Amino acid sequence: MFRASDFLGKLSKQSRRGSLLSKLRHGHLSKYGRALQANEASVYSNHVNGEYTNCVRDELGQKNAILNCGQPRLQYSRFATAAAEAYNIEPSTDGDSHVSEEYANVNWDGLGFGLTPTDYMYIMNCSKGQKFSQGTLTRFEKTEMNPSSGILNYGQGLIEGLKAYRTRNERILLFRPEENAMRMQMGAERMCMSSPTIEQFVNAVKQIVHSNRRWVPPPGKGTMYIRPLLMGNGPDLGVAPASEYTFVTYASPVGNYHKGALNLVVEEKFRRATPGGTGGVKAITNYAIIYKPISEAKAKGFTDVLFLDAVTGKYVEEASTSNIFVVKENVISTPPTNGTILPGITRKSIIEIARVLSYQVEERAILVEELFDAEEVFCTGTAVVVNPVNSITYQDKRTEYKRGVGTVGQKLYEILTGIQSGCIEDEMGWTVELD
């Protein structure tokens, strides 16, 4: 296993900061470096479709997993041999062998980002002003709800999203679940809702993953997406906070959120959030309002929309389901989370990693015209992870950006996913292993 210090270095030792990928490419690790350089063209071919696939991450972290990247097996055989020699491991000859634990009957190679019903969900209830009771596991099924419930009539509801990852030795890891718990509490305060404690939230997530463990995809095949949902669920009619609340957590195995290159269009008519509104929390009401601009953008061939601020219409805010970063030289810029932008947990992690790597990170207002001069743009989020932007179109002007090997976004992606998947030792203290 690589140690995170190989990528991140010790926080107290500036000289150890930097990317292992960079060290490999500059020959600092001769055997493994030559293997990577010899397969540079093959590695790059996995990025030209606009996504950072698992290939580079597996080659860097899970040395015997490189045969699982969807490329012809012989293409990587020379790389696997060199890596094995450099690290005294034995490369796998059967990349699809995952027989040490029972798996659900799923076509893991065909996973998209959609609901695949699993076995169990977790439910907790409470009355207004009270604490949530002990939750229970129940079979995943439809639930009954009063027609006058707050979530149905007035949109009093919050969601969260996080993932579980299976490592090569069959461990299951969660990534910073306490951050999701705290964000739900922040949203509940804004929406006048009772909310689970951090301990209750994390326990619910652990139970739902443990009970649905066979649905966590094999390494390199996807992740388990976990959806906590907090909703007003009492028999109420007036416009007021609900008298009862229900917390539900369910999960589904998922693949990539976006397929192919990510081409954005700046939305000039519709706004996602306004100052004083709920754009800074994961309120369910934030999402249906963006369906129309997304549908119109996709009808024109774009992947997603990039929203501007509601006050001036001059500043970049975020995409429909992700935060955005702009790269120019050694500076990484991202809009500040000032109440209209969701404080993403992936966003927060990428900022921390980038600063450890000695990039200058600026959280500031970004004029939309700055997109014309950017070298790279990438989006971050639990669902999209770190996704490179191929192009952004604003007022009929299309600007394209660098992607692939050697880009800042790719380096950050490799480190983040390496920690999440357990192939880089987590010296940041971010992962939680399932018992």
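In this text, all values refer to a predicted model and were calculated from it rather than measured experimentally.

## Focus on the overall build of the protein
And step 1. Counting secondary structure elements, the protein contains 13 helices and 19 strands.
And step 2. Going through the 435 residues of the protein one by one, you find that 56% of them count as buried.
And step 3. Put simply, of all contacts in the protein between residues at least 6 apart along the chain, 70% involve residues at least 24 apart.
And step 4. Entry remark: accessible area of the protein is about 18,600 Å², with carbon and sulfur atoms responsible for 50%.

## Here we look at the nonpolar core
And step 1. Residues Leu158, Phe201, Val209, Met224, Ile226, Leu230 and Phe247 are the most contacted members of the largest nonpolar core, which totals 45 residues.
And step 2. Of all the secondary structure elements, the ones that give two or more residues to this core are β2 (120-127), β4 (157-159), β5 (162-166), β6 (172-175), α8 (177-190), α9 (198-211), β7 (223-232) and β8 (244-254).
And step 3. A total of six residues in this core trace back to one element, the largest contributor, which is α9.
And step 4. Every residue in contact with Phe247, bar those within four places of it in the chain, is listed here: Tyr122, Ile123, Met124, Phe132, Met184, Pro196, Phe201, Ala204, Pro228, Leu229 and Leu230.
And step 5. With 24 residues, the next largest nonpolar core counts Ile350, Tyr359, Val408 and Ile419 among its residues.

## Regarding the pattern of salt bridges
Side-chain pairing between opposite charges can occur once the charged atoms of the two side chains come close.
And step 1. Going through the model one piece at a time under the given rule, you end up with 15 salt bridges.
And step 2. For the salt bridge of Lys292 with Glu296, the shortest nitrogen-to-oxygen distance reads 3.3 Å. Of this pair, Lys292 and Glu296 are both found in helix α11 (residues 291-299), four residues apart, which corresponds to roughly one turn of the helix.
And step 3. With relative accessibility at 48%, the residue Lys292 sits in the partly exposed group.
And step 4. What makes Glu296 partly exposed here is its relative accessible area of 35%.
And step 5. The residue Arg398 makes a salt bridge to Glu400 at a minimum N-O spacing of 3.1 Å.
And step 6. Residue classification places Glu400 among the exposed positions, given a relative accessible area of 53%.
And step 7. Here the residues in one salt-bridge network are Arg176, Glu179, Lys348 and Glu352, joined through shared partners.

## A word on unusual backbone geometry
And step 1. Unlike most non-glycine residues, Glu329 shows phi in positive territory, near 55°.
And step 2. Since its relative accessible area comes to 62%, Glu329 is described here as exposed.
And step 3. With a phi close to 50°, Gln395 is a non-glycine residue in the positive phi region.
And step 4. With respect to the secondary-structure elements, Gln395 resides in the loop between β16 (385-394) and β17 (397-400).
And step 5. By relative accessible area, which is 51% here, Gln395 ends up exposed.

## Re empty space enclosed by the protein
And step 1. Evaluated as defined, the whole model comprises one cavity of 30 Å³ or more.
And step 2. Taken as a whole, the largest cavity spans an internal volume of roughly 30 Å³.
And step 3. The residue makeup of the lining of the largest cavity, split by class, is five nonpolar, three polar and one charged.

## Structural notes on the packing of α8 against α9
And step 1. Here α8 crosses α9 at 125°, and the two axes come no closer than 9 Å. Compared by their axis directions, α8 and α9 come out oblique. Helix-helix and strand crossings are classified by hand; for α8 and α9 the assignment is right-handed. On α9, the residues that touch Pro177, Glu178, Asn180, Ala181, Met182, Met184 and Gln185 of α8 are Ile198, Phe201 and Val202.
And step 2. A per-class count over the contact of α8 with α9 returns seven nonpolar, two polar and one charged.

Cut-offs used in this document
- Residues numbered from 1 in each chain as written.
- Predicted model: local features only at pLDDT ≥ 70, side-chain atom pairs only at ≥ 80, totals over all residues.
- Heavy atoms only, no water.
- Helix = DSSP H or I, 4+ residues; strand = E, 2+ residues; numbered from the N terminus.
- Buried < 20%, exposed > 50% of the residue type's maximum accessible area, 1.4 Å probe, protein only.
- Contact = heavy atoms within 4.5 Å.
- Areas by Shrake-Rupley, 256 points an atom, 1.4 Å probe, with all protein chains shown as cover.
- Core = buried A, V, L, I, M, F, W, Y, C linked by side-chain atoms within 4.5 Å.
- Salt bridge = Lys/Arg side-chain N within 4 Å of Asp/Glu carboxyl O.
- 1 Å grid on protein atoms, 1.4 Å probe; cavity = no way out; pocket = protein on both sides within 12 Å on 5 of 7 lines; lining within 4 Å.
- Points joined across faces, edges and corners; volume = space filled by probe spheres on them.
- Nonpolar A, V, L, I, M, F, W, Y, C, P; charged D, E, K, R; others polar.
- Axes fitted to C-alpha atoms, helices over the stretch in contact; angles between N-to-C directions.
- Parallel < 35°, antiparallel > 145°, perpendicular 65-115°, else oblique.
- Left-handed = near helix turned anticlockwise from the far one by under 90°.

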